[in-house]
Amino acid sequence: MEVYYGSTRGNGRKVKASQAILKGLSEDGGLYVPDHIPVLDKSLKELSELDYRGTVYEIMKLFLTDFTEDELRSCIERAYDSKFDTEEIVPLAQTAGAYYLELFHGPTIAFKDMALSILPHLMTVSAKKNGVDNEIVILTATSGDTGKAALAGFAGVEGTRIIVFYPKNGVSPVQEKQMVTQKGSNTLVVGIHGNFDDAQTGVKKLFSDRELAEEMEKKGYQFSSANSINIGRLVPQICYYVYAYTRLLGEGRIAEGEIVNVAVPTGNFGNILAAYYAKNMGLPIGKLICASNENKVLYDFFRTGTYDRNREFVLTASPSMDILISSNLERLIYRIGGEDADRNRQLMAALGNQGKYEITEEMRASLEDFYGNYATESQTAAEIRRLYEECGYVIDTHTAVASAVYRKYREETGDGRQTIIASTASPFKFARSVMNAIGGKEDARGDFELIDELSALAGVEIPGAVEEIRTAPVLHDRQCRVEEMKDVVREFLQG
Ligand SMILES: *Cc1c(COP(=O)(O)O)cnc(C)c1O
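Residues numbered from 1 in each chain as written. Predicted model: local features only at pLDDT ≥ 70, side-chain atom pairs only at ≥ 80, totals over all residues. Heavy atoms only, no water.

(A) Molecular detail of the pattern of salt bridges. One pass over the structure, following the stated rule, counts 37 salt bridges. Between Arg247 and Glu88 there is a salt bridge whose closest N-O contact spans 2.6 Å. Remark: Glu88 occurs in the loop between helix 4 (69-79) and strand 4 (92-94) and Arg247 occurs in helix 11 (residues 231-250); sequence separation between them is 159 residues. Arg247 gets classed as buried once you look at its relative accessible area, which sits at 15%. Between Asp369 and Lys279 there is a salt bridge, with the nearest N and O atoms lying 3.2 Å from each other. Taken together, the residues Asp369 in the loop between helix 16 (361-365) and strand 14 (370-374) and Lys279 in helix 12 (residues 270-280) connect sequence positions 90 residues apart. Since its relative accessible area comes to 22%, Asp369 is described here as partly exposed. Judged by relative accessible area, Lys279 falls into the partly exposed class, the value being 22%. (Salt bridge = Lys/Arg side-chain N within 4 Å of Asp/Glu carboxyl O. Helix = DSSP H or I, 4+ residues; strand = E, 2+ residues; numbered from the N terminus. Buried < 20%, exposed > 50% of the residue type's maximum accessible area, 1.4 Å probe, protein only.)

Have a look at this one:
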């Protein structure tokens, strides 16, 4: 059955998957959502016989129904190839307490690669399908990892340009170096004076700026988004949950139909929403464990039913989760609110105006699938140390937040089901924080010394993505204030 996409704030107008991918965000400011969530059309057993690419095809074909099989398979082939440093694409590491689904074997060593290595291909196919001749300009706000993954995905892709805004003082040194060394004449990287929410709000404003859109149209450009609000990012993220489950099944570690939990370190709510969609497709997932760092706005929301961003923004050692407005939550709110666009629009208006909204008791009852909690900075560091000392396995700070929250969940509920923890970044990307955690104190050495030490200690080779930036020259040094973002865009598109 064909799947169409409508806006969470819209008038009921529906578009095809390729059109939703091209646009990113709906004109009314809402997010595109499928009109129904398709159900898996193969048994878990059958799926367990497929490799990663095969599994991805089986999921994507159900959502992107206006793509042909050839189109999808060719996008998949081009995305999940030797850019990944393991044939398996997403290996599962087993430790005493849980399975860690390693989503960081792509070109930028964070899980954003899972979706951003395929999105440019989905987008160029979508442009062709819809007779779009304009050059597509990707505008992206990043809390650190999306930026580089999007740059790596779009650099050199014909018919596209990409502009990335990141918080100048809000990303790790490795993250920043990865971005500012990006090659490709169709790329621009800009540090803004503000935090991630400022960057994201600024980008959203640019998207809804009619005057700017007209000006761009005249010059042969149109904007699109590589942020996790794009349905073309959400769908590829569903695939690895299905794959993880069917792999465990294929290896006889679980029985067919056995319920497993999933724990996800959460910021913008994209990754965990993908797990929720997987569950709704029929994957036997029990609890969706939503793990926050000290920016625990989601934990408070699950606890109280009030989403309130009015609080201090904390800079943590898991910067990709330093977010107070979790954009993708809107898709869940819309769904549990009975897919009522008017009601959803009101809630989002309240979020825009008062910085908060409250959902009804009835809506709260639909949140049973979720368990929310958070880990403090010291709990996160302790979790890294514990896992290293007990298992010799080194995880990054984001994964550690999920791992620590999972342990809280287990202690609180006694639920001993098998659990898959989304491991979202390589520890090498956050080597300083990881080494500080393992050593139990601030380490004064340079970033690359720490990286070398981490490699020795974990017995893991330094990923190519890190080796590369050791000597790479800085190619982007542009900075701006939030109010100047529009001028920066105009300037880049002059040339
Ligand atoms: C983006 C990111 C997250 C948060 O994912 P969301 O989909 O925004 O919830 C967690 N960990 C890492 C390493 C990330 O890059």
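(B) How the structure looks around the sheet that holds strand 1 (residues 5-7). Across the sheet, which stays open at both edges, the three strands sit in the order 2-1-3 with antiparallel pairing between neighbours. Here the strands that pair on one side only, and so sit at the sheet edges, are strand 2 (14-15) and strand 3 (32-34). Here strand 1 runs beside strand 2; their pairing, made up of two bridges, is antiparallel. Residue pairing for strand 2: Tyr5 is matched across the bridge by Val15. (Pairing = 2+ DSSP bridges.)

(C) Up close: the site of the ligand. Around the ligand, 15 residues are found, and the nearest of them are Lys112, Asp145, Gly267, Asn268 and Thr424. Between an oxygen atom of the ligand and a main-chain N or O atom of Gly267, the distance comes to 2.8 Å. One nitrogen or oxygen atom from the side chain of Thr424 is found 2.8 Å from a nitrogen atom belonging to the ligand. Burial of the ligand by the protein chains amounts to 98% of its free accessible area of 390 Å². A breakdown of the residues in the shell around the ligand according to their chemical character gives five nonpolar, eight polar and two charged. (Near = heavy atom within 4 Å. Polar contact = N/O pair within 3.5 Å; in protein donor to acceptor, adjacent residues only side chain to side chain. Areas by Shrake-Rupley, 256 points an atom, 1.4 Å probe, with all protein chains shown as cover. Nonpolar A, V, L, I, M, F, W, Y, C, P; charged D, E, K, R; others polar.)

(D) Structural view of the packing of helix 3 (residues 52-63) against helix 11. Remark: helix 3 packs on helix 11, axes separated minimally by 9 Å, with the N-to-C direction vectors making an angle of 130°. It follows from the interaxial angle that helix 3 and helix 11 lie oblique. In the crossing of helix 3 with helix 11, the sense of the turn from one axis to the other is right-handed. Each of Tyr52, Thr55, Val56, Ile59, Met60 and Phe63 in helix 3 lies in contact with helix 11, whose residues at this interface are Val235, Pro236, Ile238, Cys239, Tyr240, Val242 and Tyr243. Here the residues of the contact of helix 3 with helix 11 sort into twelve nonpolar, one polar and no charged. (Axes fitted to C-alpha atoms, helices over the stretch in contact; angles between N-to-C directions. Parallel < 35°, antiparallel > 145°, perpendicular 65-115°, else oblique. Left-handed = near helix turned anticlockwise from the far one by under 90°. Contact = heavy atoms within 4.5 Å.)

(E) Just the packing of helix 19 (residues 431-439) against helix 20 (residues 447-458), in detail. The contact between helix 19 and helix 20 brings their axes to 9 Å, and the two run at 60°. Here helix 19 lies oblique to helix 20, going by the angle between them. Once helix 19 is placed against helix 20, the crossing between them reads as left-handed. Residues Ala431, Arg432, Val434, Met435 and Ile438 of helix 19 lie in contact with helix 20, whose contacting residues are Asp447, Leu450, Ile451, Glu453, Leu454 and Leu457. Here the contact of helix 19 with helix 20 is built from residues that sort into eight nonpolar, no polar and three charged.

(F) Structural detail: the state of the cysteines. Across all of its chains, the model carries zero disulfides by this definition. No disulfide involves Cys75; its sulfur sits 12 Å from that of Cys239, the nearest cysteine. (Disulfide = S-S within 2.5 Å.)

(G) Up close: the sheet that holds strand 16 (residues 478-481). Pairing within the open sheet is parallel, and its five strands lie in the order 9-6-7-8-16. Every interior strand has two partners, whereas the edge strands, strand 9 (221-225) and strand 16, have only one. For this sheet, the mean angle separating the axes of adjacent strands, direction not counted, is 30°. With six bridges joining them, strand 6 (residues 135-141) and strand 7 (residues 160-167) adopt parallel strand pairing.

(H) Representation of the side chain of Ser7 within the structure. Residue placement: Ser7 occurs in strand 1. Among the polar contacts made by the side chain of Ser7, one reaches the side chain of Asp28 at a distance of 2.7 Å. In contact with Ser7, not counting residues within four places along its chain, are Arg13, Ser26, Asp28, Gly30, Leu31, Tyr32 and Tyr334.

(I) Broad picture of the packing of aromatic side chains. Within the structure shown, the criterion is met by 17 aromatic pairs. Measuring from centroid to centroid gives 6.4 Å for Tyr276 and Tyr277, while their planes differ by 45°, and the two rings are tilted. Among the residues examined, Tyr276 registers a relative accessible area of 5% and is labelled buried. Taking 5.6 Å as the distance between ring centres and 55° as the angle between the ring planes, the aromatic pair formed by Phe301 and Phe302 counts as tilted. Look at Phe301 and you get buried, because its relative accessible area is 0%. Residue classification places Phe302 among the buried positions, given a relative accessible area of 14%. Put simply, the rings of Phe63, Phe269, Tyr276, Tyr277, Phe301, Phe302, Tyr307, Tyr357 and Phe370 pair up and form one aromatic cluster. The residue whose ring lies beneath Lys408 is Tyr374, and the NZ or CZ to ring-centre distance is 5.2 Å. (Phe/Tyr/Trp six-rings, centres within 6.5 Å; stacked < 30°, edge-to-face > 60°. Lys NZ or Arg CZ within 6 Å of the ring centre and 35° of its normal.)

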